[in-house]
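The primary structure of each chain is shown beneath.
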There are 2 protein chains.
Amino acid sequence: MADILIKDGYIITMDPQRRVFERGSVEIEGDKITAVGKDIEGRADTVIDARGKVVLPGLVNAHTHLSMTLLRGVADDMPLMEWLETKIWPIEKNLTSRDCYLGALLGCLEMIKSGTTCFADLYFFMEDVARAVEEAGLRAMLSYGIIELGDPKRRESELRAGEKLVKTCQGAAGGRIQTMFGPHAAYTCSPECLMQVKELAKKYKVRIHTHISETQDEVDKIVKKYGKRPVEHLDSIGFLGPEVLAAHCVWLTEREIAIIRKQGVKPVHNPVSNMKTASGVAPVPEMLAAGIPVALGTDGAASNNALDMFNEMKFAALLNKVGKLDPTAMPAKSVLEMATINGAIALGLEDRIGSLEVGKKADIVLADLKKPHLAPLHNVMSHLVYSAVGSDVDTTIVDGRILMRNRRVLGIDEDEVLKQVQATSDDLLDRWRAEK
Amino acid sequence: MADILIKDGYIITMDPQRRVFERGSVEIEGDKITAVGKDIEGRADTVIDARGKVVLPGLVNAHTHLSMTLLRGVADDMPLMEWLETKIWPIEKNLTSRDCYLGALLGCLEMIKSGTTCFADLYFFMEDVARAVEEAGLRAMLSYGIIELGDPKRRESELRAGEKLVKTCQGAAGGRIQTMFGPHAAYTCSPECLMQVKELAKKYKVRIHTHISETQDEVDKIVKKYGKRPVEHLDSIGFLGPEVLAAHCVWLTEREIAIIRKQGVKPVHNPVSNMKTASGVAPVPEMLAAGIPVALGTDGAASNNALDMFNEMKFAALLNKVGKLDPTAMPAKSVLEMATINGAIALGLEDRIGSLEVGKKADIVLADLKKPHLAPLHNVMSHLVYSAVGSDVDTTIVDGRILMRNRRVLGIDEDEVLKQVQATSDDLLDRWRAEK
């Protein structure tokens, strides 16, 4: 007997054939999907009636800084460097282990409630983030943000911090947690640092999470320092490869897109953050056309200010249409691919997640279609990208475990988390103000 | 004794001083606000506990085509003219009175559930739309879409249709419904038609709702035909004035912005639709800087694909930031003004709605802040624009009447509407396919 049977839903598999079953079922045993399709009979301990609901792979948020939920709405509408230098960085200096744990727990709650089942994080106090992820039940790829600024002493301690996370958390939470090395960017890490990261990643058989070409200013800095654009620079030192997850990738030349493709680098599109910080419009249609499986991410909540991948999908579609003045530039299906199977590929998890297929992990979300803003129903994929919001998700399953049912998150006291987050965030800002 | 007392909420008044009360109350008697502020004592028939909630003026959707909810998701990701010529227009030819009534009722439901209390509509079968608005309890400015294509015979019948709506519906639903004349655009209405509309609007003391400069193609057409850009053309024939509500206004020169300002024309920004149809980015920061009170609208659900003004606010802020590569280009407060008081000004209703002030109509919404994506709370205005979604609204009040409380819409059988909408929309598409 199966553990869970999701019955009679509108199934979007995102499998290689992109099959859709208008009335289908998904069977789960343990942490895995054991059957997907139309005529699944049989019994299960838990039967979820999915009539009037769409069943899809859990969304993959391929780039975020989870604990930055604590800084949501603290500062907006400012020039980027002023925002970073007078608000974000000084406040971050005051972050504690407990802050990051609570910020991460809040972020997990928000993701569970908006249909994200796996995310890639790059931040600080990552062991505490891991603790929140373990408790919340999500799947995650965690990395410690390495910033060395060319200082050999700092490099050493930063690399050790990154290594420590890999040693302590790789495979944690029954395999739900994996780790990466997280060198922040080419303008905050020297070539020596980046290449030591690459060696360490090889040694530990883990991947690398970084930022590339988010702003014009960053490109200018790298060109000035190394005489090459960021992707060219990183390629010339031998840093790039299929294990590199590269957030933003906004300012790319055709030549740089060709390098990304050749080296198998995995770009992550962050449309909301790129718009809010006014960084620019990434050449996503060009990258997809080149066969690069671009993933999608929210970035941190300070520059979004949400972690809702449904919202992110709508922005991804619309930004790239208006950016090209071409309404066909980014169809709904491509966007849904970015948020599911491309995310899995970007994290090297395509054998485990990203689609509803037999043998894959049971990371599944159900969204309720019986809502005025989702009526009438003619094209479910269009609705998911253009009309749905995170709060339409009513059930979230990760690793075969139901984390939310009927909008109720199981095993987390939501009110208590909100209360503690407010207190800890107020206290963080008080400490920062006292220091000024 | 008051009828309703909204107690201890976070009050965003949007009054001339833009006052905010961190713990304030709003008192309602009949259809009007009788008190707003911190120390309101007293009793009321209905007391709404607003602790942990934000209380704000009902949002104003200043440009939509409500019954197009029926076409939501029917066709997306297509070149604009192909989309219109092969899908939208042929399907619309099959619309019936009942279709438009049900489509409008669905749209009303969606707006009530996402915090919109007043909207400006331009479409067909407007008496049926009025019926839906009356039943739903919303406030609306309705106009019949006049398309004459330079044909004098058609002009006559179109003008009579527009006039009939004004005669039958002006002041309907206890004054909640007002009417406008709705000449579609300068490329679908001749100067003769537009000037007859202007005369009729003057005669009946109503306003005018039209589209101006949505696409580059439209501008090219007008330049070719009249030797002038759209705003210049409309100004030269004497059509423009403070009574003209102009949707889109995407492709404007500095000179045209100066004309809009001088003539007191009321532009409506439709960021989601402009992005989805890839029409372009309107010069909204420039218009606001010129002192023009730009309003905000969703356009129809076929090109959005939602009627959620919270979603629209986030898009308005972010599109204009990235459009200018300037994160300060469109702060949260300006966007909230566009969605409230500027909307009221654009519709000539600033004495009645758009802010929480004594003597104004009680059009009020409450949004629940106790949500993971709205925590922690440091800046409510930032949360409303960057983090909130329509479904955070839990209470909607129009004209002193509670239309939704705790997400339950009163007086409308939501399930029944969804069922009927699906059937009528399926039937509409069947009729269109049979005709092909």
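Refer to the structure presented above.
Definitions and limits used
Residues numbered from 1 in each chain as written. Chains lettered and ligands numbered in written order. Predicted model: local features only at pLDDT ≥ 70, side-chain atom pairs only at ≥ 80, totals over all residues. Heavy atoms only, no water. Helix = DSSP H or I, 4+ residues; strand = E, 2+ residues; numbered from the N terminus. Rg over C-alpha atoms; globule rule 2.2 N^0.38 Å. Buried < 20%, exposed > 50% of the residue type's maximum accessible area, 1.4 Å probe, protein only. Contact = heavy atoms within 4.5 Å. Areas by Shrake-Rupley, 256 points an atom, 1.4 Å probe, with all protein chains shown as cover. Lys, Arg positive; Asp, Glu negative; His and termini not counted. Charge placed at Lys NZ, Arg CZ, Asp CG, Glu CD. Polar contact = N/O pair within 3.5 Å; in protein donor to acceptor, adjacent residues only side chain to side chain. 1 Å grid on protein atoms, 1.4 Å probe; cavity = no way out; pocket = protein on both sides within 12 Å on 5 of 7 lines; lining within 4 Å. Points joined across faces, edges and corners; volume = space filled by probe spheres on them. Nonpolar A, V, L, I, M, F, W, Y, C, P; charged D, E, K, R; others polar. Least-squares fit on C-alpha atoms with pLDDT ≥ 70 in both. Buried area = accessible area lost by both parts, 1.4 Å probe. Salt bridge = Lys/Arg side-chain N within 4 Å of Asp/Glu carboxyl O. Pairing = 2+ DSSP bridges. Axes fitted to C-alpha atoms, helices over the stretch in contact; angles between N-to-C directions. Phe/Tyr/Trp six-rings, centres within 6.5 Å; stacked < 30°, edge-to-face > 60°. Lys NZ or Arg CZ within 6 Å of the ring centre and 35° of its normal.

**Looking at the overall build of chain A**
Along the backbone of chain A there are 15 helices and 17 strands. For 436 residues, the compact-globule estimate of 2.2 N^0.38 gives 22 Å, and chain A sits close to it at 21 Å. A principal-axis box enclosing the C-alpha atoms of chain A has dimensions of 60 × 45 × 45 Å. A total of 436 residues make up chain A; the buried ones form 67% of that total. Partitioning the intrachain contacts of chain A with sequence separation of at least 6 by distance along the chain shows that 73% fall at a separation of at least 24. Within the structure as shown, chain A displays about 14,700 Å² of accessible surface, and the carbon and sulfur contribution to it stands at 49%. A distance of 2 Å separates the average location of the 55 positive side-chain charges in chain A from that of its 61 negative side-chain charges.

**Thoughts on the side chain of Asp394(B)**
Residues and elements named next belong to chain B. Of note, aspartate 394 is situated in strand S15 (residues 393-398). Residue classification places aspartate 394 among the buried residues on the basis of a relative accessible area of 6%. In terms of polar contacts, aspartate 394 uses its side chain to reach the side chain of lysine 53, at 2.7 Å. The residues touching aspartate 394, leaving out its near neighbours within four places in the chain, are Lys53, Leu366, Ala367, Asp368, Met404, Arg405, Asn406 and Arg407.

**Some remarks on unusual backbone geometry**
The omega torsion across Ala375(A) and Pro376(A) is -10°, close enough to zero to call that bond cis. Looking at where Pro376(A) falls in the secondary structure, it is placed in the loop between strand S14 (364-368) and helix H14 (380-387). Of note, the bond from Asn304(B) into Asn305(B) is cis; its omega dihedral lies within 30 degrees of zero at 5°. Along the polypeptide, Asn305(B) turns up in the loop between strand S13 (295-296) and helix H11 (309-324). The residue Ser213(A) is not glycine, and still its phi comes out positive at about 50°. Among the secondary structure elements, Ser213(A) is positioned in the loop between strand S10 (207-212) and helix H6 (216-226). In this structure Ser213(A) comes out as buried when scored by relative accessible area, which is 0%. A positive phi angle, near 50°, is found at Leu149(B), a position not held by glycine.

**Digging into empty space enclosed by the protein**
Rolled over the atoms, a probe with the dimensions of a water molecule shows which regions are left empty. Residue and element names in this part refer to chain B. Using the criterion set out here, one finds four cavities of 30 Å³ or more in the structure. The calculated volume of the largest cavity comes to roughly 90 Å³. Lining the largest cavity are 13 residues, and of these Asp77, Met78, Trp83, Lys276 and Thr277 sit closest to its centre. The residue makeup of the lining of the largest cavity, split by class, is seven nonpolar, two polar and four charged.

**Overview of the relation of the copies chain B and chain A**
Relative to chain A, chain B is turned by 180° and slid 0.0 Å along the rotation axis, the superposed coordinates differing by an RMSD of 0.0 Å. What the rotation and shift describe, once combined, is the action of a two-fold rotation axis. Both copies share a contact surface, since 100% of the interface residues of chain B are interface residues in chain A too.

**Digging into the interface of chain B and chain A**
Counting residues at the interface gives 65 residues for chain B and 65 residues for chain A. With both chains or domains summed, chain B and chain A bury close to 4,700 Å², and 66% of this area falls on carbon and sulfur atoms. Its largest share of buried area at the contact with chain A, chain B owes to Asp77(B), Pro372(B) and His378(B), together 14% of the area lost on that side. There are two salt bridges connecting chain B and chain A. Across the pair Lys321(B) and Asp77(A) runs a salt bridge, and its minimum N-O distance is 2.6 Å. Grouping the constituent residues of the side of chain B that touches chain A by class yields 32 nonpolar, 20 polar and 13 charged.

**With respect to helix H14 (residues 380-387) of chain B**
The element H14(B) is extensively covered by neighbouring structure, given that eight of its eight residues are classed as buried. Along H14(B), the residues that are buried comprise Val380(B), Met381(B), Ser382(B), His383(B), Leu384(B), Val385(B), Tyr386(B) and Ser387(B). Looking at the buried positions of H14(B), the neighbouring elements they touch are helix H9 (271-276) of chain A together with strand S1 (2-12), strand S2 (20-29), strand S5 (53-57), H11 and helix H12 (332-339) of chain B. Where H14(B) begins, the capping side chain belongs to Asn379(B), and its oxygen is found 3.1 Å from the backbone nitrogen of Met381(B).

**Digging into the pairing of strand S3 (residues 32-37) of chain B**
All names here are of chain B. Pairing of S2 with S3 involves five bridges; the strand directions are antiparallel. By the bridge assignment for S3, glutamate 27 is matched with alanine 35. Hairpin geometry of S2 and S3 is characterised by an intervening segment of two residues between the two adjacent antiparallel strands and by a positive phi of about 60° at glycine 30.

**Regarding the sheet that holds strand S11 (residues 244-248) of chain A**
Residues and elements named next belong to chain A. Strand order in this open sheet of eight strands is S6-S7-S8-S9-S10-S11-S12-S13, and the pairing throughout is parallel. The sheet is open, and its two borders are formed by strand S6 (59-64) and strand S13 (295-296), each paired with just one other strand. Relative to S13, strand S12 (residues 266-269) runs parallel, the two being bridged by two bridges. Bridge pairing links valine 268 to alanine 295 in S13. Contacts from helix H11 (residues 309-324) reach S6, strand S7 (116-123), S12 and S13 within the one sheet, and its direction differs from that of S6 by about 75°.

**Some words on the packing of aromatic side chains**
Using the criterion set out here, one finds seven aromatic pairs over all chains in the structure. Plain terms: the ring middles of Phe315(A) and Phe315(B) are 3.6 Å apart, the flat faces sit at 5° to each other, and that makes the pair stacked. Note that Phe315(A) is positioned in helix H11 and Phe315(B) in helix H11, a pairing that runs across two chains. Overall, the relative accessible area of 0% leaves Phe315(A) in the buried class. Three or more aromatic residues joined by ring pairs make a cluster, and in this case those are Tyr123(A), Phe124(A) and Tyr144(A). When the ring centre of Tyr101(A) is taken as origin, the NZ or CZ atom of Arg131(A), which lies over that ring, is 4.1 Å away.

Function cannot be read off these values alone, since they describe shape.
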